[in-house]
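Single-letter residue listing:
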Amino acid sequence: MSAATTPPPARAARSGGWFTFVFMAPFLLYVSAFLILPTLMLLATAFLGKHGLTLHYVRSLGQGQTVVAFRNSIELSALAAFVGLVIGGLTAYFVLLPGMPRGLRSLVTTFGAVAANFAGVPLAFAFIATLGSLGIITVWLKLIGINLYGSGFTLYSLPGLVLVYAYFQIPLMVIVITPALEALRREWREAAENLGASAWDYWRHVGLPILLPSLLSAYILLFGNAFSAYATPYALTSGIVALVPVAISNVLSGNVMVSQQTGAALALGMIGVMVVVMGIYALIARRVGRWVKR
Amino acid sequence: MTRRGATLIPSLGLGVVGLYFITPLLATGVFSLWEGGDRYGFAAYGALIHQPKLWQSLGLSVRLAIETILVGLVVLVPAVFWLNLRVQRLRPLFDFLSVLPFVVPPIALVAGMTTLYTGPDWFVGTANYLVVPYVILALPYTYRALDVGMRALDLKTLTEASQSLGAGWLTLIFRVVVPNLTTALIGAALLTIAIVMGEFTFANILLFNTFAVYIDYVGQTSATEASALTLLSFLITWLAMLGVLFTGRSGRGQVQIGGAR
């Protein structure tokens, strides 16, 4: 069987299987013990009650508060992903335009890599210092007669969270979509223009259809990114907006009187949403492959 | 339309986006200098420097980052090496495992870990335990960086050459493969530092006082000190990412790291 492959050095050929085990085992054991088993444990915990198998805890996901948390999380992620998609996509496109200054591109790339990583607690505090009820911008606007919080705006709400999430979603979008934009050939546009197409015709019939798979997969990546964010909403809203990650952390730290199994069911529900989302991602990524390879 | 006119709207658009990204940083900077009323100064920074807890948490995060890098490399380098040299057919499995951390959100993973591992105390009772999930968190990035690095090497020739000169596997890995991977290894290490220094989910749930947890703790009492720490945290991310960009000559788009924590 193995003779069909290219002839390996004599010494390795004699003991190939044993070496595969020695080289691979640490990694595979590690991932099994600390990623796969804990995930399966959630499955077991969520479905096992005192008297054997039960759907009780999974069914409890349908209860009022939990439904609200899941709806908030999904709404927030969908919106934050959309904002990132549109603004990040346009930013990447503008930066790549021929008339733009040279240094701009590396500036955006570098800053994008930093900003995409600048999430978590520090990001929450940066926005509190800016647009919180005593933030710099809030206070300055008040000085010139604009009362932000009086007019209904608050940072500690779903729209506020979208505004904060955009800070890591936009740069992530720029990083992800730039290769796809670069792959758009200038000749295609010229060909379209020679055939009498307007800019709108070009985008409607050539540009966007080619970009569509990349845009969809980018959207899904951004969705997942926002969906699993925990530190930013935790530090920013401290529970004012019900979100699934914060709900799970409340269960784990014993802040609410619910069973561990309910926490497991919540976490499982989260993984369920991510599996669906990543499944779509994988399907689309396969289609993108057709366009990228060439 | 003239060329100047064609870039007017894009320039305005980029200006607005740029403003959105710069404003919070400037505001945080101004806020960190605020001493109440009309007074501005470095009081917050002065107060922070004398906080032993700051240095303890910062030191802990740095130590955890180094441990995470070491454990991650010890586990991954041999596996990715053998994957590229001999068992290419396992690649789909590795690709699958390396995106799993994206599918299982950190908060869900920590829920699973706390129910699965309740002891022994020397294992789950010290902050070193955090290294375990951190290696998983960094896995997508370290695996990619190493895989890209190994693919660029002609592993087959390197292996045959060193073996025909009498080198064993250990010599081969440590004296031939690893030195050829410096760029990839530095890239993986810097990404890991950026991830671990900002990590909050695991440390907060498992009650260990890392840098991010300390920032959150400070933020509950002093907003100006928290702003100063926010700037410090941004600076650390900035340095790590600059390092990745400058060492990773393989081009843009390599730094595909997801933001949310």
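Note that residues are indexed from 1 along each chain, following the sequence as it is written. For naming, the first written chain is A and the first written ligand is 1, with later ones following in the order written. Since the coordinates come from a predicted model, pLDDT governs what is reported: local features require at least 70, and pairs of side-chain atoms require 80 or more to be given and counted, while whole-chain, interface and lining totals use all residues. Neither water nor hydrogens contribute to the side-chain values; these are computed over all heavy atoms in the structure.

Colleague: I keep staring at the environment of Glu35(B) and nothing clicks. Help me out?
Modeller: Residues and elements named next belong to chain B. Within the secondary structure, glutamate 35 is located in the loop between helix H2 (8-33) and helix H3 (43-49). Sequence separation between glutamate 35 and glycine 112 is 77 residues; the distance between their C-alpha atoms is 44 Å. Contacts are assigned to residue pairs with any non-hydrogen atoms lying within 4.5 Å of each other. Setting aside anything within four residues of it in sequence, one finds glutamate 35 in contact with Tyr40, Gly41, Phe42 and Ala43. For this analysis, a polar contact is any N or O atom pair within 3.5 Å, provided that within protein one partner can donate a hydrogen and the other can accept it, and provided that sequence-adjacent residues contribute only side-chain to side-chain pairs. Of the polar contacts made by the side chain of glutamate 35, one reaches the backbone nitrogen of phenylalanine 42; its length is 3.4 Å. Strands are runs of DSSP state E lasting at least 2 residues, helices are runs of H or I lasting at least 4, and numbering of each runs from the N terminus.

Colleague: Would you explain the packing of aromatic side chains in this entry?
Modeller: The relative placement of two aromatic rings is captured by the distance of their centres and the angle of their planes. Any two rings among Phe, Tyr and Trp, with Trp reduced to its six-membered ring, count as a pair given centres within 6.5 Å; such a pair is stacked if its planes are under 30 degrees apart, edge-to-face if over 60, and tilted if neither. Inspection of every chain in the model, using the stated rule, returns 39 aromatic pairs over all chains. On the basis of an interplanar angle of 85° and a centroid distance of 4.6 Å, the ring pair of Phe118(A) and Phe234(B) is categorised as edge-to-face. With Phe118(A) in the loop between helix H5 (102-117) and helix H6 (121-131) and Phe234(B) in helix H14 (residues 223-247), this residue pair bridges two chains. Each residue gets one of three labels from its accessible area relative to the maximum for its type: buried under 20%, exposed over 50%, partly exposed in between, using a 1.4 Å probe on protein chains only. We classify Phe234(B) as buried; its relative accessible area is 11%.

Colleague: Please clarify how the UniProt feature "domain: ABC transmembrane type-1" (unreviewed entry) in chain B should be interpreted in this entry.
Modeller: UniProt positions are given in the numbering used here, feature names are shortened, and annotations may be inferred rather than shown by experiment. The feature "domain: ABC transmembrane type-1" (unreviewed entry), as annotated in UniProt, sits at residues 58-247 of chain B in this numbering. Split by type, residues 58-247 of chain B is 82% helix and 0% strand. Its first and last C-alpha atoms lie 25 Å apart.

Colleague: Quick question: what am I supposed to make of a nonpolar patch on the surface here?
Modeller: All names here are of chain A. Together, Leu134, Val139, Trp140, Leu143, Ile144 and Ile146 line one region of the surface with nonpolar side chains, adding up to about 680 Å² of accessible area. Among the structural elements, tryptophan 140 can be located in helix H7 (residues 136-143). Exposure remark for tryptophan 140: the relative accessible area of 52% places this residue in the exposed category. Surface patches are drawn from residues lacking salt bridges whose relative accessible area is over 30%; two like charges belong together within 9 Å, two nonpolar side chains (Val, Leu, Ile, Met, Phe, Trp, Tyr) within 5 Å. Exposure was quantified through the Shrake-Rupley algorithm and a 1.4 Å probe, taking into account, for residues, occlusion by the shown protein chains and nothing else. In the sections that follow, a salt bridge refers to a side-chain nitrogen of Lys or Arg positioned within 4 Å of a carboxyl oxygen of Asp or Glu.

Colleague: Help me understand the nonpolar core in this model?
Modeller: Soluble globular proteins tend to pack their nonpolar side chains together in the buried interior. Core analysis: the largest hydrophobic core is formed by 166 residues, its most contacted members being Phe27(A), Tyr167(A), Phe81(B) and Trp82(B). With sequence-adjacent residues up to four places away left out, Tyr167(A) is seen in contact with Phe111(A), Ala115(A), Phe118(A), Leu123(A), Phe127(A), Tyr20(B), Phe21(B), Pro24(B) and Leu25(B). We define the nonpolar core as a collection of buried residues of types Ala, Val, Leu, Ile, Met, Phe, Trp, Tyr and Cys that are connected through side-chain atoms lying within 4.5 Å of one another. Formed by six residues, the second largest nonpolar core is a distinct cluster that contains Phe94(A), Leu97(A), Met100(A) and Leu104(A).

Colleague: Help me out: how do you make sense of helix H12 (residues 244-252) of chain A in this one?
Modeller: Every α-helical turn comprises 3.6 residues, leaving residues that sit three or four positions apart pointing alike. Among the residues of H12(A), those classed as buried are Val244(A), Pro245(A), Val246(A), Ile248(A), Ser249(A) and Val251(A). Two residues or fewer past H12(A), Gly254(A) is found with a positive phi of approximately 70°.

Colleague: Hey, could you run me through the confidence of the model for chain A in this one?
Modeller: For any part of a model where pLDDT is low, the fine detail of the predicted coordinates should not be relied upon. All names here are of chain A. Residue-level confidence of the predictor is what pLDDT reports, using numbers from 0 through 100. Model confidence for chain A is summarised by a mean pLDDT of 84, while 91% of its residues fall at 70 or above. By mean pLDDT, helix H1 (residues 10-14) is the weakest element of chain A at 48, and helix H4 (residues 64-96) is the strongest at 93. A low-confidence stretch, residues 10-14 (pLDDT under 50), is modelled with seven contacts involving residues beyond four sequence positions or located in other chains.

Colleague: Would you mind showing me how to read the packing of helix H5 (residues 91-103) of chain B against helix H8 (residues 131-151) of chain B here?
Modeller: Geometry of a packed helix pair, given as the angle between the helix axes and the separation of the axes. Residue and element names in this part refer to chain B. All axes here are fitted lines through C-alpha atoms, helices being fitted over the stretch that makes contact, and every angle between N-to-C directions spans 0 to 180 degrees. Two numbers describe how H5 lies on H8: the axes approach to 6 Å, and their chain directions differ by 145°. Pair H5 / H8 crosses with left-handed handedness. Of H8, the residues touching H5 (which contributes Arg91, Phe94, Asp95, Leu97, Ser98, Pro101 and Phe102) are Ile136, Leu139, Pro140, Tyr141, Tyr143, Asp147 and Arg151. As a working rule, the residues Ala, Val, Leu, Ile, Met, Phe, Trp, Tyr, Cys and Pro are called nonpolar, Asp, Glu, Lys and Arg charged, and the rest polar, with Gly in that last group. For the contact of H5 with H8, the class distribution of residues is nine nonpolar, one polar and four charged. For any helix crossing, the convention is left-handed if the near helix is rotated counterclockwise from the far helix by under a right angle, and right-handed if that rotation is clockwise.

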